[in-house]
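Chains, contacts and geometry: an overview
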Amino acid sequence: MPRLLFLTCFLISLCLISDPGVADAEALKVGVLNNFPPQYILDDEGQPDGLAVDLFEQIVTETDFEPRYRVYESWEALHEGLRKGEVDLSPSMGMADSRREWASFSEPLETFQISLFVRKGNSELRFPQDFKSHKLGIVHLNIGEKIAARHPGLQTQTYAHVFDAFHALLAAQVDGIVFPRPTFYKVALEAGLKNRIETAGEPLHEMKRGLGVAKGNESLLAVFNPIISRFVLTEEYRDIYARWYGAEASYWSARRVLIYAVPAIGLLVGVLLFWRYKSLKNLARGLKKDLEHKTHDLRNSEKKYRTLYENAPLPYQSLDEKGRLQDVNTAWLSTLGYARHEVIGQWFGDFLHPESRSFFETKFPELKKRGYTEKVEFHIRHREGYYLQISLNGCVGYSEEGVFERTYCVFHNITAQKESERILRQERNFTQSIIDTAQIIILVLDMEGRIQKFNPYIEHITGYAADEVLGLDWFSNFLPPKEQDAVKEVFEKGVQDIHIKEQVNTILTRKGDEIWVEWSNETLRNPDDGTTIGMLAIGQDITERIEAEQRQRELEIELRQKHKMEAVGLMAGGIAHNFNNSLASSICVTMPFMPWMRSGFWKLLQKRRR
């Protein structure tokens, strides 16, 4: 015995020494989940198995690595293990952008779609936005969380595992689940309940999966990427993929049936015969009772929804595939004045204005193809002959086979709203025409004194176009420096609702000329909360008036000067006249004593006096 033991140990040692590939293999820590079919499962012996493991086992054979598997209970734990360096890679991870902060990914190994799943026959739920009034199930750390976040207002319920979400859907705790399509179908297939679910609408997203390695281990990708690129094109890859995504093989194979059926057939037949009558009787009794309950519930439900439908405040209509009215509610009839027998079976386009009829012929095929429509406006004829303007929303109802059945549409009467909009638009156009043609300055400034409105008249007198100055500071760009502070003080008082009487100041043109303007200001307020939002300034060009007043003042000064000169002249003439009279008297007195005065000078003087 000792010799045999020694010989056995020697042979084992010799084998290990002679196989350098085994001795030199480098251990590779690989993280997997314990239960995420078909990517990850545990076999009967508790060893990792599944699509991802099979694919990785095939890939790693071309390397010098030897995988050492570590099993995690959840994706969250596996991601944390990858970040902490507990494992080197994960064989199958969704290549989401949010994970690239702490992981790097290989070439894709698999691509699949993210779909919306509902219970079989629940065809009215086809889009994520339908779950604002229904509950949508999502799985923690799954792409479904991000898809649901793109649609605000959804009612969501988060589950830790896909199995919990699947059973919650079957139990009607939620009305839909967003999850990867192949994995969810695999869960349903393993549960034997695939016929209880179906996908709704178009796929919501496409996801790629590949090897995920921790940051810093990108050298592993340089080894695995070339192998993956070749491997996905091989027959081995297709066989593994088909084995895990194909139908689950039945345990009862032909061989097992032969082994177990022959000895059990007698007992089985006896039991079946014994219980047949009793079982059928009990079943019939139970079915009858269940049918009575369901019939009663159905009648109550039908009565409740019929009452709700008939008393709904919004007009409702249903069209068949050719656009004929199949059903209308009371609000529809009262809004348009028709009786039910006058409209059922009629083509909806016959109730529309000719222009809206051609529009309906275009939009109805689009509704059938797209599945829903929103805020489509028509002019529909009232029974008395006038037209109402309506805004219609609707969707398409499909059979279980996806075949068109009917439309479900409601509309709002927006005639009064459109008329109000027309009047408002007319008033706005009238006001704008006044602003555009008025021969006065119309200027709107915000709270900071920036230009918000600049009418054509001020463009004309300043030489600036509105698109050049909108948003510019009014004071620094259009006022002389000497007046900026004073005018800005008036503006600040105005926006504080301090009334300032008419203000006169100059503004500058593009050429640098100064224009005199007389202003009237009004504080602008927000109509919703009454807060001040700026100032409206109405100005009049008074440059010619100022210049005329200046010329008038100059003429008045000249006239006063002229009157002064005339007065001085008159005074000087009076003084000269008196002087002449005095001089003549003196000469007459002294003349007898002055012989020379008898000459021609005296005669000339006498002549001038006459």
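Above this note sits the structure.
These numbers come from a predicted model, not from an experiment.

Here the focus is the overall build of the protein. Counting its secondary structure elements, the protein contains 20 helices and 21 strands. Counting every position in the protein, which comprises 610 residues, the buried fraction comes to 34%. Of the contacts formed within the protein by residues at least 6 apart in sequence, a portion of 55% connects residues at least 24 apart. Carbon and sulfur atoms form 55% of the exposed surface of the protein, whose accessible area is close to 37900 Å².

This part covers the side chain of T509. Inspection of the secondary structure puts T509 in the loop between β19 (503–508) and β20 (514–525). Those residues in contact with T509 that sit more than four places away from it in its chain are I461, T462, Y464 and I515.

Before going further, it helps to examine the pairing of strand β8 (residues 135–139). A large share of β8 lies buried, amounting to four of its five residues. Across five bridges, β8 lies against strand β9 (residues 155–159) in parallel orientation. Bridging across to β9, G137 finds its partner in Q157. Handedness of the crossover joining β8 and β9 through helix α5 (residues 143–149): right-handed. Sheet analysis places β8 next to strand β10 (residues 176–180), joined by two bridges and oriented parallel. The residue of β10 that forms the bridge with G137 is I177.

To characterise two packed helices, one gives the angle between the axes of the helices and the distance between these axes. Between helix α6 (residues 162–170) and helix α7 (residues 181–190), the least distance of the axes is 11 Å, while the angle of their chain directions is 70°. It follows from the interaxial angle that α6 and α7 lie roughly perpendicular. For the pair α6 and α7, the sense of crossing is right-handed. In this structure, α6 uses V162, F163, F166 and L169 to contact α7, whose residues at the interface are F184, V187 and A188. Classifying every residue of the contact of α6 with α7 by side-chain character gives seven nonpolar, no polar and no charged.

Now for the sheet that holds strand β15 (residues 387–398). Overall, antiparallel pairing links the five strands, which are arranged β13-β12-β16-β15-β14 in an open sheet. For this open sheet the edge positions go to β13 (325–328) and β14 (372–381), each flanked by a neighbour on one side alone. With strand direction ignored, the average angle separating the axes of adjacent strands in the sheet is 30°. Sheet contacts for helix α13 (residues 354–370): β12 (316–319), β14, β15 and β16 (404–413); angle to β14, the most-contacted strand, approximately 160°.

For the rest of this paragraph, the subject is the packing of aromatic side chains. For the coordinates displayed, the defined rule picks out 24 aromatic pairs. Note on F166 and F184: the rings are 5.6 Å apart at their centroids and 70° apart in plane angle, and the pair reads as edge-to-face. With F166 in helix α6 and F184 in helix α7, this pair connects stretches of sequence that are 18 residues apart. Here F166 falls in the buried class, since its relative accessible area comes to 0%. Classification of F184 as buried rests on a relative accessible area of 0%. Consider the rings of W474 and F478, whose centres lie 4.8 Å apart with planes at 15°: the pair is stacked. A residue pair is termed a helical-turn pair when its members lie 3 or 4 positions apart in one helix, as W474 and F478 do in helix α17 (residues 474–478) at four residues. Both residues of the pair, W474 and F478, belong to the buried class. Taken together, the aromatic side chains of F36, Y40, W75, F117, F166, F179 and F184 make up a single cluster linked through ring pairs. Above the ring of W102, the side-chain terminus of R83 is found at 4.6 Å from the ring centroid.

A few words on the packing of helix α3 (residues 51–60) against helix α9 (residues 235–245). In contact at an axis separation of 10 Å, α3 and α9 are set at 165° when each is read in the N-to-C sense. With respect to α9, the axis of α3 lies roughly antiparallel. Read as a crossing pair, α3 and α9 show a hand that is right-handed. Contacts between α3 and α9 involve L51, D54, L55 and Q58 from the first element and E236, Y237, I240, Y241, R243, W244 and Y245 from the second.

Within the secondary structure, E198 is located in strand β11 (residues 197–214). Looking at E198, the relative accessible area reads 14%, which means it is buried. Within the structure, E198 has its side chain in polar contact with the backbone nitrogen of G121 (distance 3.2 Å).

A word on the pattern of salt bridges. Taken as a whole and judged by the stated rule, the model has 21 salt bridges. Note that R324 is salt-bridged to D320, the shortest N-O span being 2.8 Å. R324 sits in the partly exposed class, given a relative accessible area of 35%. What makes D320 buried here is its relative accessible area of 11%. Each of E80, R83 and K84 takes part in a single network of salt bridges with overlapping partners.

Taken in spatial order, the five strands line up as β18-β17-β21-β20-β19 in an open sheet, and their pairing is antiparallel. Only two strands of the sheet have a single partner each, and these edge strands are β18 (451–454) and β19. Each strand of the sheet is rotated relative to its neighbour by a mean of 35°, with strand direction disregarded. As defined by bridge partners, β20 adjoins strand β21 (residues 532–541) across nine bridges and the pair is classed as antiparallel. Within β21, the residue paired with S520 across the bridge is I538.

Counting 56 residues, the largest nonpolar core has L28, Y40, F56, L89, F184, I197 and F224 as its most contacted members. Ranked by residue count, the leading element in this core is α3, at seven residues. Setting aside residues no more than four positions away along its own chain, F56 makes contact with L28, V30, P67, Y69, L89, P91, L211 and F224. F351, F360, I390 and C409 belong to the second largest nonpolar core, which has 25 residues in total.

Analysis parameters
- Residues numbered from 1 in each chain as written.
- Predicted model: local features only at pLDDT ≥ 70, side-chain atom pairs only at ≥ 80, totals over all residues.
- Heavy atoms only, no water.
- Helix = DSSP H or I, 4+ residues; strand = E, 2+ residues; numbered from the N terminus.
- Buried < 20%, exposed > 50% of the residue type's maximum accessible area, 1.4 Å probe, protein only.
- Contact = heavy atoms within 4.5 Å.
- Areas by Shrake-Rupley, 256 points an atom, 1.4 Å probe, with all protein chains shown as cover.
- Pairing = 2+ DSSP bridges.
- Right-handed = clockwise from strand over helix to strand, strands pointing away.
- Axes fitted to C-alpha atoms, helices over the stretch in contact; angles between N-to-C directions.
- Parallel < 35°, antiparallel > 145°, perpendicular 65-115°, else oblique.
- Left-handed = near helix turned anticlockwise from the far one by under 90°.
- Nonpolar A, V, L, I, M, F, W, Y, C, P; charged D, E, K, R; others polar.
- Phe/Tyr/Trp six-rings, centres within 6.5 Å; stacked < 30°, edge-to-face > 60°.
- Lys NZ or Arg CZ within 6 Å of the ring centre and 35° of its normal.
- Polar contact = N/O pair within 3.5 Å; in protein donor to acceptor, adjacent residues only side chain to side chain.
- Salt bridge = Lys/Arg side-chain N within 4 Å of Asp/Glu carboxyl O.
- Core = buried A, V, L, I, M, F, W, Y, C linked by side-chain atoms within 4.5 Å.

Note that every value here comes from positions in space, so none of it alone points to a role or purpose.
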